[in-house]
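Chain and residue survey
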Amino acid sequence: IRTPHIDQLAQDGVKLTHHISAAPLCSPSRTAFMTGRYPIRSGMASIGRAPVLLWTAGSGGLPPNEITFAKVLQEKGYSTGIVGKWHLGVNCNSRDDLCHHPNNHGFDYFYGMPFTLFSECKEGHGRIILPDVRIFIWRISEIIGLAILTAVSLRLLGLLFLNCKFILLLVLAYILCISAWYLPFQFINIWNCIIMRNGEVVEQPMALETLPLRLLNEAEGFLQRNKDKPFLLFVSFPHVHSPLFESERFKGKSKHGLYGDNIEEMDWMTGRIVKMVEDLGLSKKTFVYFTSDHGGHVEHADSSGQVGGWNGIYKGGKGMAGWDGGIRVPGIIRWPGKLPAGKVIDKPTSLMDIFPTVVNIANGQLPTDSSVQERTQHRSADRTPEPELGGRRRSLSGRSGGAKWRIEVCFVLWDCGWAVWHGEDVSHS
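Cut-offs and rules
- Residues numbered from 1 in each chain as written.
- Predicted model: local features only at pLDDT ≥ 70, side-chain atom pairs only at ≥ 80, totals over all residues.
- Heavy atoms only, no water.
- Helix = DSSP H or I, 4+ residues; strand = E, 2+ residues; numbered from the N terminus.
- Buried < 20%, exposed > 50% of the residue type's maximum accessible area, 1.4 Å probe, protein only.
- Contact = heavy atoms within 4.5 Å.
- Areas by Shrake-Rupley, 256 points an atom, 1.4 Å probe, with all protein chains shown as cover.
- Salt bridge = Lys/Arg side-chain N within 4 Å of Asp/Glu carboxyl O.
- 1 Å grid on protein atoms, 1.4 Å probe; cavity = no way out; pocket = protein on both sides within 12 Å on 5 of 7 lines; lining within 4 Å.
- Points joined across faces, edges and corners; volume = space filled by probe spheres on them.
- Nonpolar A, V, L, I, M, F, W, Y, C, P; charged D, E, K, R; others polar.
- Polar contact = N/O pair within 3.5 Å; in protein donor to acceptor, adjacent residues only side chain to side chain.
- UniProt positions renumbered as here; feature names shortened; annotations may be inferred.
- Axes fitted to C-alpha atoms, helices over the stretch in contact; angles between N-to-C directions.
- Parallel < 35°, antiparallel > 145°, perpendicular 65-115°, else oblique.
- Left-handed = near helix turned anticlockwise from the far one by under 90°.

Another aspect to go through is the overall build of the protein chain. Each helix and strand counted, the protein chain has 10 helices and 18 strands in total. The proportion of buried residues among the 429 residues of the protein chain is 47%. Partitioning the intrachain contacts of the protein chain with sequence separation of at least 6 by distance along the chain shows that 69% fall at a separation of at least 24. For the protein chain, the accessible surface area stands at approximately 22,100 Å², while carbon and sulfur atoms represent 57% of it.

Counted by the stated rule, this structure contains 12 salt bridges. As a salt-bridge pair, glutamate 278 and arginine 334 come within 3.0 Å of each other at their nearest N and O atoms. Here glutamate 278, found in helix α8 (residues 257-279), pairs with arginine 334, found in strand β12 (residues 331-334); they are 56 residues apart in sequence, far enough to count as distant. Note on arginine 334: relative accessible area 4%, which makes it buried. Shared partners join several salt bridges into a network, and the residues in it are Asp12, Glu278 and Arg334.

So, on to empty space enclosed by the protein. Applying the stated rule across the entire model yields one cavity of 30 Å³ or more. The computed volume of the largest cavity comes to approximately 50 Å³. For the largest cavity, the full set of lining residues is Leu53, Trp55, Thr56, Gly58, Gly60, His87, Leu88, Gly89, Val90, Pro114 and Phe115. Looking at the lining of the largest cavity residue by residue, the classes come out as six nonpolar, five polar and no charged.

For the rest of this paragraph, the subject is the side chain of histidine 241. For histidine 241, the location among the structural elements is in the loop between β7 (231-236) and α8. Only 3.3 Å separates the side chain of histidine 241 from the side chain of lysine 318, close enough to count as a polar contact.

Next up on the list: the UniProt feature "transmembrane region" (unreviewed entry) in the protein chain. What UniProt calls "transmembrane region" (unreviewed entry) maps, in this numbering, to residues 136-154 and 166-183. When the span residues 136-154 is considered, its composition is 100% helix and 0% strand, and the gap between its end C-alpha atoms is 27 Å. Annotated as 100% helix and 0% strand, the span residues 166-183 places its first and last C-alpha atoms 26 Å apart.

Each pair of packed helices can be described by the angle between their axes along with the distance between the axes. Running from N to C, helix α7 (residues 211-225) and α8 cross one another at 15°; their axes reach a closest spacing of 10 Å. Considering the angle they form, α7 stands roughly parallel to α8. In this structure, α7 meets α8 at a crossing whose hand is right-handed. On the side of α7, the interface is formed by Pro212, Leu213, Leu215, Leu216, Asn217, Ala219, Glu220, Leu223 and Gln224, while α8 contributes Glu265, Trp268, Met269, Arg272, Ile273, Met276 and Val277. Residues of the contact of α7 with α8, tallied by class, amount to 11 nonpolar, two polar and three charged.

Now the structure itself:
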């Protein structure tokens, strides 16, 4: 798969070979990235059957009182924007309160998907949201329908007298079940697959065929509008989340099917955005960071082959607990004149390191309240603590939002890293 622009980005900057997300799924991982805190602290982590947000109209999302790096930079006078996928909620109590919306989390401008890409967003690619619930409701509908036919037949044949009110009650129950099956699940592409510009829905359902180019144009437009002032732009590619795009410009171009086509399209978009920064003469003033929110969805395949990605030698993938395949992600940072080109850092780094890093770059103030102790100063590439070989277990407990929690962490393989617990540096192996 050809990725010349991403490769060039790595050659011109610093490559992080042991870069880690906070979760193997998008919503909790993005929460950690945006806030610099583990997602459990924001209520955005779950081990239940729905570990990510499933409905745009749901009341869940990133709490309004959370501090994101966008909020900090916005307060420092930066123009802030996000283009692409959000998937951290929209509203709380009404359809227009926008309490979880990007505009309420420090972003002046938003264009893209408040939700994410699901199979329902692409015609003919099946339905994956709560399939067992959908099937259960359909089975109940079938049973009630059969009961209605049986009751009416017995009454007409004079074999059994059933009260008309009872039959009417069955009919109403049948209508209710069919409605519960049909309305939410058959119109998911209308409910969930939408495009918003700030707080306004501008496309419902969204047209996937032209979406990548429109996102690219929006990102370039934001850069052009804000070239003379400090800015923060978060370009959140919907690639290579399945279902995959079938853009006319890239379909059939790679040697690895539709998945390869999508990778190469994302690479091209990355190159266009970096070139815009260079053409505007902003390279030496712009900190560029490239990563992913989790590993590939390795078990996702169809008749055309693998569509969910590949994690190389690492075990597991998207949604698979803490296996490396789900949380090891690419990490590239470029800042000409500030960071050495071609440097490789093999020490563990995290998406959560970006919060204190960008806040520090913008001369912002890190939150100091006791609930954000894990937000540490960004790591120095030259800071190399003595590794502790062998495994050990560290048990942490506390209380957050009225709920008790306990975490047991077993450090076994990674050679070194840093954490902060109640202000005390803890070297762990």
